[in-house]
Amino acid sequence: MLDAAGDRAILTVIGTGYLGTTHAVCMAELGFRVLGVDIDAEKIARLSAGQLWMYEPDLEQRLRRNVANGRLEFTTSYDAAAELGDVHFLCVGTPQQAGGHAADLSAVDGAIEALAPRLRRSCLVVGKSTVPVGTADRLARRVAALAPVGEDAELAWNPEFLREGFAVEDTLCPDRLVAGVRSERAEKTLREIYAPLIADGVPFLVTDYQTAELVKIAANSFLATKISFINAMSEVCEAANADVELLAAALALDGRIGAAYLGPGIGFGGSCLPKDIRAFLARAEELGVGRAVTFLREVDAINTRQRARLVAVARTVLGGSLRGRAVGVLGAAFKPNSDDVRDSPALAVAAAIHAQGGRVTVYDPIALDNARAAHPELGYRDTVDDAARGADALLLLTEWPQFGALDPEPLGEVVARRNVIDGRNALDPERWRAAGWRYSALGRTCTDAR
Ligand code: NAD
């Protein structure tokens, strides 16, 4: 698709959250002129000034560069977006509904209702948000009903698979591109936009809308299942006096299984896996095939149980009660290399310990501000030593690489008691034990707590 001047397509990215900000910057990196659109004026002001509002490795300097060279702009104006854009990427949030398991599609619907009536020129609207199967078909009908330009405004669905912490790499070198389309024109446009990636060998799969929507939700369901599988094994290992770390290492060597997403610990969190498997359950029920994905209920339950099990380990280590005990927590983000604390297992464990009377002090290299906003009841410190100072137990809850490299000897001088609870199986138990620490983790025979 060409813009009015016969040059490359002009892109808009609607919703400049974790996904949209990354996508806008990376599309500008590919040489496109890009307009980012959001209803959050503060976010737009920061991005316009070249300031990243979240933490994502490798992104800020690319943002600054593309804002400075004029390829990347931001606005709150749907009029400007509709007037300028040849291709509109839809990247708004689809969180879990308050009080339910289904996806809240109000932002997606709101964006389409705002954009479509303004579409007076030929364009392609490309959904990237994660949505329940059937959403694209419904939105295509809304675009057709609302767009003044009629059939020249089309819809495609191009789900996004990026991982926070690797968002730039995953956008510019994804494992695959999936294009749910209804016309050759839509396919051609997406092929043109992603041409450099396709030339680099990235597979480009063309599907219908429904399959594209399902690829995303199925991928996240599979990953969540893999994590809960190894966590279920950790529970069995404890009962059988086996070691889940050795078990996982042996499983990972099987080429049919692989090591990815096979790390035992306090489980998955963040803004995607938990809400995506719940939304899938809800949508499958609506489609009358709930029983086909009932196992996801168990996947979710195992995941939640890991958090409770870790709190129980802390209670045991501290003599049966957390009341009045000082607990140092390392990690607040839902995963390393991110400041995202949405549904963070680390914060859920920290908050549960606080609720049981523990005096919790949290350190995270990047996510302290977001954690403080989400859980103001917890204590926060700016260094590992300060979080650990005077602690009766030290908990590792997010596997930042620097935590794995901590020296247990000097840290032992700072705490009140040398109890370490490794919620991510990220520490070397022998090293910590040799420095006089009592080491505990889920699913390991070497757990001293039992
Ligand atoms: P987010 O909450 O960080 O961002 C959503 C953005 O949309 C916010 O900036 C919000 O202000 C904006 N918004 C809401 N309503 C709007 C409207 N009507 N018009 C314009 N902007 C509007 O969400 P996210 O993490 O970026 O996720 C976005 C989508 O991408 C979700 O469907 C998510 O499941 C999916 N996804 C996310 C990731 C990830 O790692 N975060 C990865 C793959 C897919």
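The structure presented is a predicted model; accordingly, all values stated were derived computationally and were not measured.

> It is not clear to me how the pairing of strand E7 (residues 177–180) should be interpreted in this structure. Could you clarify?
Side-chain alternation along E7 places Leu177 and Ala179 on one buried face and Val178 and Gly180 on a second face that is also buried. The pairing of E7 with strand E8 (residues 204–207) spans 4 bridges and is parallel. Counterpart to Leu177 in the pairing with E8 is Phe204.

> Where do I start with the pattern of salt bridges in this structure?
When the charged atoms of two side chains lie near each other, side chains of opposite charge can form a pair. Taken as a whole and judged by the stated rule, the model has 33 salt bridges. The partner of Arg305 in a salt bridge is Glu235, and the shortest N-O contact between them spans 3.1 Å. You can see Arg305 sitting in helix H13 (residues 295–317) and its partner Glu235 sitting in helix H10 (residues 209–240), a full 70 residues away along the chain. Judged by relative accessible area, Arg305 falls into the partly exposed class, the value being 32%. Residue Arg424 is joined to Glu399 by a salt bridge in which the shortest nitrogen-to-oxygen separation is 3.3 Å. Taken together, the residues Arg424 in the loop between strand E13 (419–422) and helix H19 (429–434) and Glu399 in the loop between strand E12 (393–396) and helix H17 (401–404) connect sequence positions 25 residues apart. Residue Glu399 is classed as partly exposed on the basis of its relative accessible area of 33%. Several salt bridges converge on common partners, so that one network encompasses Glu29, Asp58, Arg62 and Arg65.

> Whenever I open this one, the site of the ligand confuses me. Can you help?
Around the ligand sit 27 residues in total, of which Asp38, Lys43, Tyr78, Thr94 and Lys275 are the nearest. In the model, an oxygen atom of the ligand is placed 2.8 Å from a nitrogen or oxygen of the Leu19 main chain. Between the ligand and Tyr78, the relevant distance is 2.6 Å, taken from a nitrogen atom to a side-chain nitrogen or oxygen of the residue. Bound to the protein, the ligand loses 88% of the 830 Å² it would expose on its own. Of all the elements in the fold, those that place two or more residues in the shell around the ligand are helix H1 (18–29) and helix H5 (106–115). Grouping the constituent residues of the shell around the ligand by class yields 11 nonpolar, 8 polar and 8 charged. Shared between two domains, the shell around the ligand takes at least three residues from each, and those domains are domain 1 (10–206) and domain 2 (208–450).

Analysis parameters
Residues numbered from 1 in each chain as written. Predicted model: local features only at pLDDT ≥ 70, side-chain atom pairs only at ≥ 80, totals over all residues. Heavy atoms only, no water. Buried < 20%, exposed > 50% of the residue type's maximum accessible area, 1.4 Å probe, protein only. Helix = DSSP H or I, 4+ residues; strand = E, 2+ residues; numbered from the N terminus. Pairing = 2+ DSSP bridges. Salt bridge = Lys/Arg side-chain N within 4 Å of Asp/Glu carboxyl O. Near = heavy atom within 4 Å. Polar contact = N/O pair within 3.5 Å; in protein donor to acceptor, adjacent residues only side chain to side chain. Areas by Shrake-Rupley, 256 points an atom, 1.4 Å probe, with all protein chains shown as cover. Nonpolar A, V, L, I, M, F, W, Y, C, P; charged D, E, K, R; others polar. Domains from an automatic or database assignment.

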